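# Remarks on the overall topology
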Amino acid sequence: MLFNGVIAANVMKSWTVEAASMPDGSQVELAGWVWDVREVGKIRFIILKDREGSIQVTVKKGDAPQGVWDAAAGLVKEDVILVKGVVKASRIARSGVEVMPSELRVLNRSKPLPIDIWGNVAQTELDARLRYRTVDLKRPESLVIFKASSAAVRAIRESLYDRGFIEVFTPKIISTSTEGGADLFPVQYFDAVAYLAQSPQLYKEELTASLERVFEVGPAYRAEKHSTTYHLNEFISVDLEAAFMNYRDVMSILEDVIINVYSNALKVPGVTDMNREISVPKKPFAVVSYDDALDMLGRKGINVKWGDDIPKEGLEALTGEIGSPFFLVNFPTSLRAFYTMPIEGDPSRSESFDLVIDGVEIVSGATRIHDRKLLENALISRGLNPANFESHLAAYEWGMPPHAGWGLGFYRLLMVMLRRSNIREVVLFPRDRNRLTP
RNA sequence: GCCUCGGUCGUUCAGCCUGGUCUAGGAUGCGGGCCUGUCGAGCCCGAAACCCGGGUUCAAAUCCCGGCCGAGGCGCCA
């Protein structure tokens, strides 16, 4: 006997965790999935699970209605059921309460699952887990990850709204490479070729001329054939840009954002099981200049030529030395994107920064150039043609304010915060070099 | 794109080095049976696998070659 939509609309179910704190004798209606059935002769125990937890439903032969007893007999793991019954305090049941059902309806049947979600098998390979991601997401650990993910975006939004930022949306289908460099995915756009945006960079800068303080949480696409545990071809970027601020100002905002993300994620039950050392970072974060970082690395035998990027090994060594998180500032101008503001009086260095957590680059930002002439020269010095950026450059002639901003790799932040060894774990349906489904 | 490692029941771990004793073992999941307080339930029974192709050999899960797939590292990465 299957369920239909009309009945579904009438379900006023409680979360299992709510039932656990109800007084003895309360009537409840619960809906969820069969996590386990333990049959002990004339008693059948059903562990009913929902997103928030689980509760034991106890069916005694002769005590429960015969129909409930019969229905309980056929249950298998992950069957979807609706239970009405009475909450009963119990010294035997784990949570202190159990539900004695007066009604038990099977809303849908489940086949045996293709992967283990109960923790009975050591560690299912990530590839298999992602292939059956909808099933994998039933694992309690997966639920914690995506609750933490939600708490994190929410913390970001609240922090930024509180500081006068406006949330915006910029196009993800664009006409040309915004900045040159990273490879873009071409898409057919009617009769033209368009590309998936690699970053909202130029749009958000243009918006500072009107909306002043903006941020966007959205996808970014890179057609790079990398295969690492911390790169994806589609990822969520948190981008911020603010008029009348410099890099130090937006670094300070970033500190608050990171602190709020950590403190809100910590409130999610289960997060500390994934990262036992997790703690809310304290302001101010350590700040190290690129030049000083090179010196520190040199003393450790890691030689980086001035003007070269600091390799992952170097970032890890610096984390060991400085702690985490820390800011790396004042990168060589040549190492950064064309819109990065050089330091006045020291133009080979720039008003730029990265935020590094546990050896991973999480955020990258800078004061931007707001003068058209300077910006054109910066393009030219990188071998880019200003003519290709004309519509962007034009904005700089109509009252472009001084501005600064940053871009934060949301999945990377989650990965380091939750101590996952692979970024794919914190992404519902990751897109990488060889993964386009599910 | 490069390097290293790997591919055995649905999942997961063993067997491979040292070819035969593998009719391929364990766990979990699945099916059946017993049990009125289980909660990692227990006990008994059952079904279920050597990535593909070629080679060496009397004999290949095991050794060799190629392919495909995966993991990790590197490179690339506004």
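Residues numbered from 1 in each chain as written. Chains lettered and ligands numbered in written order. Predicted model: local features only at pLDDT ≥ 70, side-chain atom pairs only at ≥ 80, totals over all residues. Heavy atoms only, no water.

### Things to note about the domain arrangement of chain A
Applied cut-off: What fixes the domain bounds is an automatic or database domain assignment. Two parts placed together each lose some accessible area under a 1.4 Å probe, and the buried area is that loss summed for both. The salt bridge criterion pairs a side-chain nitrogen of Lys or Arg with a carboxyl oxygen of Asp or Glu, the two atoms within 4 Å.
When cut into domains, chain A gives domain 1 (5–108) and domain 2 (135–426). With centres defined by C-alpha atoms, the gap from domain 1 to domain 2 works out at 47 Å. Its largest share of buried area at the contact with domain 2, domain 1 owes to Trp35, Arg51 and Glu78, together 68% of the area lost on that side. Applying the counting criterion to the domain 1 and domain 2 interface returns two salt bridges.

### As for the sheet that holds strand S10 (residues 213–221)
Counted only if it meets this: Strand pairing is assigned whenever DSSP identifies at least 2 bridges connecting the two strands. Segments assigned H or I by DSSP are reported as helices when at least four residues long, segments assigned E as strands when at least two residues long, and all are numbered from the N terminus. By definition, residues are in contact when any of their heavy atoms lie within 4.5 Å. To define axes, lines are fitted to C-alpha atoms, for helices over the stretch in contact only, and angles between the resulting N-to-C directions are given on a 0 to 180 degree scale.
Pairing within the open sheet is mixed, and its eight strands lie in the order S6-S10-S11-S18-S17-S16-S13-S12. The strands lining the two open edges of the sheet, one partner per strand, are strand S6 (166–167) and strand S12 (286–289). Relative to the sheet, helix H8 (residues 247–266) contacts strand S11 (234–243), S12, strand S13 (326–329), strand S16 (352–357), strand S17 (360–367) and strand S18 (403–409), its axis offset from that of S18 by approximately 30°. Packed on one face of the sheet, helix H11 (residues 312–322) meets S12, S13, S16 and S17 and runs near 125° to S13.

### As for the sheet that holds strand S4 (residues 80–89)
Around the barrel, five strands lie side by side as S1-S2-S3-S5-S4; this closed barrel has mixed pairing. Strand-to-strand, the axes of this sheet are offset by a mean angle of 50°, without reference to chain direction. Bridge count for strand S3 (residues 53–60) against strand S5 (residues 97–108) is two bridges, and the pairing is parallel. Paired with Gln56 across the strands is Glu98, a residue of S5. The strands touched by helix H3 (residues 66–73) within the sheet are strand S1 (27–40), strand S2 (43–50), S3 and S5, with S5 carrying the most contacts at an inclination of about 70°.

### Describing the pairing of S16
Selection criterion: Exposure classes here rest on a 1.4 Å probe applied to the protein chains alone. A residue is buried below 20% of its type maximum, exposed above 50%, and partly exposed in between.
Counting buried positions along S16 yields six of six residues, so the element is predominantly enclosed. Neither face of S16 is open: one carries Ser352, Asp354 and Val356, the other Phe353, Leu355 and Ile357, and all of them are buried. The pairing of S13 with S16 spans four bridges and is classified as antiparallel. Looking at the pairing, Phe327 lines up with Leu355 of S16. What sits between the antiparallel neighbours S16 and S17 is a turn of two residues, in which Asp358 has the positive phi angle 50°.

### Thoughts on the pattern of salt bridges
Taken as a whole and judged by the stated rule, the model has 41 salt bridges. For the salt bridge of Asp136 with Arg133, the shortest nitrogen-to-oxygen distance reads 2.6 Å. In this pair, Asp136 and Arg133 both sit in helix H5 (residues 133–136), three residues apart, roughly one turn of the helix. A residue is classified by how much of its surface remains accessible, and Arg133, at 1% relative accessible area, is buried. Ionic pairing is found between Arg139 and Glu141, a salt bridge with its closest N-O pair at 3.2 Å. Each of Arg129, Arg133, Asp136, Arg139, Glu141, Arg420 and Glu425 takes part in salt bridges that share partners, so that together they form one network.

### Here we look at H3
Owing to its 3.6 residues per turn, the α-helix aligns residues three or four sequence positions apart on the same side. We count it as follows: In this context, the arc is that of the directions from the helix axis out to the C-beta atoms.
Taken together, the buried positions of H3 are occupied by Val68, Trp69, Ala71 and Ala72. Within H3, the buried residues cover an arc of 165° as seen down the axis, which keeps them to one side. Buried residues along H3 sit in contact with S1, S2, S3 and S5.

### Structural notes on the pairing of S3
Regular strands place side chains that alternate from one sheet face to the opposite one. Of the strand pairs in this sheet, S2 and S3 are connected by eight bridges, and their pairing is antiparallel. When the bridges of S3 are listed, Lys49 appears paired with Ser54. Connecting S2 to the antiparallel partner S3 that follows it, the hairpin turn spans two residues.

### Notes on the environment of Val80
By secondary structure assignment, the location of Val80 is in strand S4. On the accessibility criterion, Val80 (23% relative accessible area) is partly exposed. Residues Val80 and Asp292, spaced 212 residues apart in sequence, show a C-alpha to C-alpha distance of 59 Å. Setting aside residues no more than four positions away along its own chain, Val80 makes contact with Gly32, Trp33, Arg105, Val106, Leu107 and Asn108.

### Some points on the nonpolar core
The test is simple: To form a nonpolar core, buried Ala, Val, Leu, Ile, Met, Phe, Trp, Tyr and Cys residues must be joined to one another through side-chain atoms within 4.5 Å.
Membership of the largest hydrophobic core comes to 60 residues, with the highest contact counts inside it found for Leu254, Phe353, Trp406, Leu408, Phe410 and Tyr411. Ranked by residues supplied to this core, first place goes to H8 with 11 residues. Once residues lying within four places of it in the same chain are set aside, the contact partners of Phe410 are Ser149, Ala152, Val153, Ile156, Ile236 and Val238.

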